[in-house]
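Descriptive analysis of the structure
Okay, here's what each chain looks like letter by letter:
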Amino acid sequence: MSNDILSVRDIFKSFPLPNGQKLEVLKGASFEISKGESLAIMGVSGSGKTTLLHIAAGIDIADSGFVKTGRIGLIFQAHYLLPEFDCRENVSIAARIQGIDKNSADVRAERILQEVGLGERMWHLPSELSGGETARVAIARALAIEPEVILADEPTGNLDEKTSENVKNLLFELVKRHNTALVIVTHDSTLSSRADRTLHLEHGILK
Ligand SMILES: Nc1ncnc2c1ncn2[C@@H]1O[C@H](COP(=O)(O)OP(=O)(O)OP(=O)(O)O)[C@@H](O)[C@H]1O
Ligand SMILES: [Mg+2]
């Protein structure tokens, strides 16, 4: 549909097992999201949420199916900040990959880090951040490319309840302000309840 900024259709994905058989993870999973909308994808551990998100983001390839997308920002389950770069550089690099010159990318990174409440942590290395701060840098980095949609994989995993609540508030506030669509995969029902819509990944399909 023309309104969709991310459309994922009929995705099949299996992984080879050492015994020669295949682990069929996704068996025709489909979803789409339109501008400014938020969607939660829930499913138990091992149901294929990360696999689906990586295929939607183009960092893994489906066995079959179809993905149509515009510009996406990613928040990974393990965050993957670059350890030898400070917060500003981690965010700025994302903007530079998009082709923006270093000065403009640095300015943009500083603005977004202020926005996520890390103005004072700009020059810290990832190893010097708390879990909640790390999650905020990951959000800032996803926003740095001015995406149409953010794909977030358990963005509040491994955080205490209060910090998790703060990060959830921040994420929903930011996507609203930037009019960015949001796909969150999670098994946290307090997180999914904040989304406009929820789908459940079960037996390889979304319902
Ligand atoms: N590269 C791989 N090779 C083999 N099996 C894999 C690979 N990646 C994932 N799997 C398997 O596919 C299944 C789905 O994994 P996935 O990481 O997508 O689950 P998930 O729903 O994100 O789980 P969690 O909630 O624990 O993060 C799991 O059984 C996992 O072991
Ligand atoms: Mg996962």
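Right, let's walk through the structure included here. (Residues numbered from 1 in each chain as written. Chains lettered and ligands numbered in written order. Predicted model: local features only at pLDDT ≥ 70, side-chain atom pairs only at ≥ 80, totals over all residues. Heavy atoms only, no water.)

1. Remarks on the site of ligand 1
Taken together, the neighbourhood of ligand 1 is formed by 13 residues, with Ser45, Gly46, Lys49, Thr50 and Thr51 sitting nearest. Lys49 places a polar side-chain atom, nitrogen or oxygen, 2.7 Å from an oxygen atom of ligand 1. A distance of 2.8 Å separates an oxygen atom of ligand 1 from a polar side-chain atom of Thr50. In isolation ligand 1 has 640 Å² of accessible area, and contact with the protein removes 61% of it. Those elements that place two or more of their residues in the shell around ligand 1 are strand S2 (22-34) and helix H1 (49-57). If one sorts the elements of the shell around ligand 1 by residue count, H1 sits on top with three residues. Grouping the constituent residues of the shell around ligand 1 by class yields four nonpolar, eight polar and one charged. (Near = heavy atom within 4 Å. Polar contact = N/O pair within 3.5 Å; in protein donor to acceptor, adjacent residues only side chain to side chain. Areas by Shrake-Rupley, 256 points an atom, 1.4 Å probe, with all protein chains shown as cover. Helix = DSSP H or I, 4+ residues; strand = E, 2+ residues; numbered from the N terminus. Nonpolar A, V, L, I, M, F, W, Y, C, P; charged D, E, K, R; others polar.)

2. Side note on the environment of His178
Relative to the elements of secondary structure, His178 occurs in the loop between helix H5 (161-177) and strand S7 (181-186). The exposure class assigned to His178 is partly exposed, which follows from its relative accessible area of 32%. Residues His178 and Asp10, spaced 168 residues apart in sequence, show a C-alpha to C-alpha distance of 30 Å. When near neighbours in sequence (up to four residues on either side) are disregarded, His178 contacts Glu115 and Leu143. (Buried < 20%, exposed > 50% of the residue type's maximum accessible area, 1.4 Å probe, protein only. Contact = heavy atoms within 4.5 Å.)

3. Examining the sheet that holds strand S1 (residues 4-16)
Taking strand neighbours across the sheet as the criterion, the three strands line up as S2-S1-S4 in an open arrangement whose pairing is antiparallel. Because the sheet does not close on itself, it has two edges, and the strands there are S2 and strand S4 (64-69). Neighbour-to-neighbour, the strand axes of this sheet turn through a mean angle of 15°, independent of strand direction. The pairing of S1 with S2 spans ten bridges and is antiparallel. (Pairing = 2+ DSSP bridges. Axes fitted to C-alpha atoms, helices over the stretch in contact; angles between N-to-C directions.)

4. A short note on the sheet that holds S7
The strand order across the open sheet formed by six strands is S5-S6-S7-S3-S8-S9, and the pairing between neighbours is mixed. The sheet is open, and its two borders are formed by strand S5 (72-75) and strand S9 (205-206), each paired with just one other strand. Strand direction decides the pairing type here: strand S3 (residues 38-42) and S7, joined by five bridges, are parallel. Residue pairing for S7: Ile41 is matched across the bridge by Val185.

As far as function goes, none of this settles anything; it's purely spatial.
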